[in-house]
Amino acid sequence: MKKILVTGGLGYIGSHTVVELQSAGYDVVIIDNLENSSQEVKNRISNISGHPIELVVGDINDEQIMNNLFKDHNFYGVIHFAAYKAVGESVEYPVKYYHNNITGLIGLLKAMDNHGVKNLIFSSSCTVYGEAEDLPVTENTPIKSAESPYGTTKIIGEQIIQDYAKHKNLKTVLLRYFNPVAAHPSAEIGELPNGIPSNLVPYITQTAAGIREQLVVYGDDYNTSDGTCVRDYIHVVDLAKAHVKAMAFADSMTDQVEVFNVGTGHGSTVLEVVKAFEKQCNIKLNYKIGPRRDGDVEQIFADTQKINNILNWQAEYDINDMMYHAWMWQKNSSKK
Ligand code: NAD
Ligand code: WQD
């Protein structure tokens with residue numbers, strides 16, 4: 001059985017990916033410092049997959065923990081999720097973000113090198129494209145200077161990997177996620193936002209659950225079909241499956257680095273998302289139109305031809321499924 005190290009594997013995208021890795025026959029070891037997750041997620045993953053998981057509670061910045069981890073296991077590859085991800089917080093605490101997202105990555109690369117592990121999947125983001133001039137964005141769309149320190153950590157992270165992979169002959173897949181949303185259909189695992197959510201879908205579900213009073217739609221004067229911003233929302237289970245395909249592909253790569261967009265290829269406006277939620281969940285959502293949010297791009301959605309053709313992956317869930325699963329998760333996690 002091939003063994004995969006999943007950093008940040010108890011987090012939102014990591015937990016769904018561990019389920020899919022186990023279902024595909026991989027053995028998984030997670031390292032997570034529980035900063036944005038809970039140990040309970042380990043049991044929930046095992047409930048879904050029916051397989052045990054080995055968990056190391058620790059920080060990827062701890063050199064000794066990382067070296068012991070690599071010494072104790074013969075890893076076939078690594079999927080690296082462990083990072084901070086709150087755009088607004090990164091503006092307030094840039095050094096915290098550079099430390100965890102960049103220094104953490106460098107520590108991981110060193111440990112991989114020390115122990116001869118060659119296959120790496122890295123969580124990147126469509127944020128690297130900024131406000132793209134041509135849509136949909138392909139993997140060759142130029143990278144813009146980032147709007148936030150968080151975005152900068154993804155651009156620099158990609159660059160470090162590009163340089164390092166060539167030098168050390170790594171096989172690395174950079175996955176640029178569009179907007180991951182929803183939760184596992186079992187409603188056992190999902191996103192656990194810290195405090196007031198800044199992302200749209202958790203804000204919608206928390207408003208519907210009565211935790212928030214009202215959703216504010218940030219601007220309806222954009223140059224889009226209904227004036228609200230367009231994003232490519234991707235179901236987290238589809239995204240998780242892309243990691244399994246990427247891991248199978250990594251070893252056979254001829255180049256050191258491949259980049260893939262991971263989206264559905266379809267854009268939805270904010271109001272379309274709200275309407276899909278209302279229809280699928282049979283709930284009238286309390287919302288109002290407010291001013292634009294600083295730093296928001298007007299519209300972005302992915303060209304997915306590369307990942308469709310090379311990884312033979314495509315999204316299976318649509319926006320209606322996403323809203324329904326997000327709501328099932330909200331109801332289940334509110335109960336817990
Ligand atoms: P998350 O916060 O839910 O998961 C990250 C996990 O990593 C958490 O469990 C946290 O406890 C752990 N962690 C953080 N720093 C650590 C450290 N130093 N050592 C050990 N564990 C640590 O985030 P997520 O949404 O699952 O995102 C995963 C990755 O995907 C991140 O790199 C993020 O930047 C990237 N990404 C996320 C989104 C999104 O919208 N969620 C979009 C694009 C890219
Ligand atoms: C989506 C749309 C908002 C909240 C962020 C990061 C990006 C990536 C994914 C990590 C926008 C609108 C939102 C609300 C609203 N993460 N909105 N009212 O900004 O596209 O991307 O998450 O890499 O880097 O920036 O996602 O969910 O915040 O917003 O109207 O209360 O919903 O204006 O148009 P975003 P989001």
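The structure under discussion appears in the preceding block.
Counting restarts for each chain: residues are numbered from 1 in the order of the written sequence. Each chain gets a letter, beginning with A, and each ligand a number, beginning with 1, in the order they are written. With the structure being a predicted model, the display of local features is reserved for residues of pLDDT at least 70 and the display and counting of side-chain atom pairs for 80 or more, all residues being used for whole-chain, interface and lining totals. Side-chain figures throughout are based on the complete set of non-hydrogen atoms in the structure, without hydrogens or water.

> What exactly am I supposed to notice about the site of ligand 2 here?
What surrounds ligand 2 is a group of 18 residues, the closest being Tyr150, Leu200, Val216, Arg231 and Asp296. Contact distances for ligand 2 include 2.6 Å between an oxygen atom and a side-chain N or O atom of Tyr150. Val216 places a polar main-chain atom, nitrogen or oxygen, 2.7 Å from a nitrogen atom of ligand 2. Out of a free accessible area of 690 Å², ligand 2 has 88% covered by protein chains. Every helix listed is a DSSP run of H or I at least four residues long, and every strand listed is a run of E at least two residues long, numbered separately from the N terminus. Sorting elements by how many residues they give to the shell around ligand 2 places strand β8 (residues 215-218) first, with four residues. Looking at the shell around ligand 2 residue by residue, the class counts come to 10 nonpolar, five polar and three charged. Put simply, a residue is near a molecule or strand once any heavy atom of it comes within 4 Å of that molecule or strand. Polar contact criterion, stated in full: a pair of N or O atoms within 3.5 Å, where within protein one must be able to donate a hydrogen and the other to accept it, and residues adjacent in sequence count only if both atoms are side-chain atoms. Exposure was quantified through the Shrake-Rupley algorithm and a 1.4 Å probe, taking into account, for residues, occlusion by the shown protein chains and nothing else. When residue character is reported, Ala, Val, Leu, Ile, Met, Phe, Trp, Tyr, Cys and Pro are called nonpolar, Asp, Glu, Lys and Arg charged, and the others, Gly included, polar.

> Hey, could you run me through the sheet that holds strand β3 (residues 54-57) in this one?
Sheet strands pair by backbone hydrogen bonding; their relative direction is either parallel or antiparallel. Here, strands pair whenever DSSP counts at least two bridges between them. On the basis of which strands lie adjacent, the open sheet formed by seven strands has the order β3-β2-β1-β4-β5-β6-β11 and parallel pairing. At either margin of the open sheet sits one strand with a lone partner, and together these are β3 and β11 (257-262). Looking at each pair of strands side by side, their axes are set apart by 20° on average, direction ignored. Two strands pair when backbone bridges link them, and strand β1 (residues 3-7) and strand β4 (residues 77-80) are joined in this way by four bridges, in the parallel orientation. By the bridge assignment, Ile4 is partnered in β4 with Gly77. Running over the sheet, helix α3 (residues 63-72) touches β1, β2 (27-32), β3 and β4 and is turned about 175° from β2. Orientation is described by lines fitted to C-alpha atoms, with helices fitted over the stretch in contact, and by angles between N-to-C directions that extend from 0 to 180 degrees. Between two residues, a contact is recorded if the distance between any of their heavy atoms is within 4.5 Å.

> Explain the packing of aromatic side chains here, please?
The relative placement of two aromatic rings is captured by the distance of their centres and the angle of their planes. What counts as a ring pair is set by centres within 6.5 Å for rings of Phe, Tyr and Trp (its six-membered ring), and what kind of pair is set by the plane angle: stacked under 30 degrees, edge-to-face over 60, tilted for all other angles. By the definition in use, this model includes five aromatic pairs. The interplanar angle of 35° and the centroid separation of 6.3 Å between the aromatic rings of Tyr129 and Phe178 together place this pair among those described as tilted. On the criterion of sequence distance, the pair formed by Tyr129 in the loop between β5 (119-125) and α6 (149-168) and Phe178 in the loop between β6 (171-177) and β7 (179-181) is long-range, its members being 49 residues apart. Tyr129 gets classed as buried once you look at its relative accessible area, which sits at 0%. Summary of the burial criterion: residues with accessible area below 20% of their type's maximum are buried, those above 50% are exposed, and those between are partly exposed, where the area comes from a 1.4 Å probe applied to protein chains only.

> Please clarify how the state of the cysteines should be interpreted in this entry.
Covalent bonding between the sulfur atoms of two cysteines defines a disulfide. A pair of sulfur atoms, both from cysteines and within 2.5 Å, is called a disulfide here. Per the stated rule, a full pass over the model turns up zero disulfides. Just so you know, Cys229 is unpaired, no disulfide at all, and the nearest cysteine sulfur is the one on Cys126, 12 Å from it.

> I'm lost on unusual backbone geometry in this one. Help?
Leaving glycine out, the prevailing phi sign among residues is negative, and the prevailing peptide bond configuration is trans. Cis peptide bonds are those with omega within 30 degrees of zero, and the linkage from Leu135 to Pro136 qualifies with -5°. With respect to the secondary-structure elements, Pro136 resides in the loop between β5 and α6. Its identity as a non-glycine residue notwithstanding, Asn169 has a phi of 60°, on the positive side. In this fold, Asn169 is placed in the loop between α6 and β6. Located in the positive-phi region is Ala187, a residue other than glycine, with phi close to 60°. Secondary-structure assignment places Ala187 in the loop between β7 and α7 (200-208). For Ala187, a relative accessible area of 7% corresponds to the buried category.

> Explanation requested: the site of ligand 1 in the structure shown.
Around ligand 1 sit 27 residues in total, of which Ile13, Asp32, Asn36, Asn100 and Tyr150 are the nearest. Gly11 is positioned such that a nitrogen or oxygen atom in its backbone is 3.3 Å from an oxygen atom of ligand 1. Summarising the interface, the protein chains cover 95% of the accessible area of ligand 1, which totals 830 Å² for the free molecule. Elements that contribute at least two residues to the shell around ligand 1 include exactly α1 (12-23), β5 and α6. The biggest single contributor to the shell around ligand 1 is β5, with three residues.

> How should I be thinking about the pairing of β8 in this particular structure?
A one-sided burial pattern is seen for β8, the buried positions being Leu215 and Val217 and the unburied ones Val216 and Tyr218. As paired strands, β8 and strand β13 (residues 287-290) are joined by four bridges and run parallel to one another. Of the residues in β13, the one forming a bridge with Val216 is Lys288.

> Teacher, can you tell me more about the pairing of β3 here?
Put simply, side chains in a regular strand alternate between the two faces of the sheet. Taken together, the four bridges between β2 and β3 define a ladder with parallel strand orientation. Within β3, the residue paired with Val29 across the bridge is Glu54. When the strands point away from the viewer, a crossover counts as right-handed if the route from the first strand across the helix to the second turns clockwise. Taking the sense of rotation as the criterion, the β-α-β connection linking β2, helix α2 (residues 40-49) and β3 turns out right-handed.

> Explain the environment of Asp238 to me, please; I cannot follow it from the model alone.
In this structure, Asp238 sits in helix α8 (residues 236-250). Put simply, Asp238 and Tyr218 are 20 residues apart on the chain and 27 Å apart in space, counted from C-alpha to C-alpha. If near-sequence neighbours (up to four positions away) are discounted, Asp238 is found in contact with Trp313, Gln314, Ala315, Glu316 and Tyr317.

> Before we go on, may I ask you to explain the nonpolar core in this structure?
Buried together is how nonpolar side chains tend to be arranged in soluble globular proteins. Residues belong to one nonpolar core when they are buried, are Ala, Val, Leu, Ile, Met, Phe, Trp, Tyr or Cys, and are joined through side-chain atoms within 4.5 Å. Ile4, Leu21, Ile30, Ile45, Val173, Leu175 and Val262 are the most contacted members of the largest nonpolar core, which has 38 residues in total. Elements with a minimum of two residues in this core: β1, α1, β2, α2, β6, α8 and β11. The element contributing the most residues to this core is α8, with eight residues. Setting aside its immediate chain neighbours within four residues, Ile30 contacts Val6, Gly9, Leu10, Val18, Ile45, Ile53, Glu54, Leu55 and Val56. One finds Leu120, Phe122, Ala165 and Val257 within the second-largest nonpolar core, a separate group that totals 28 residues.

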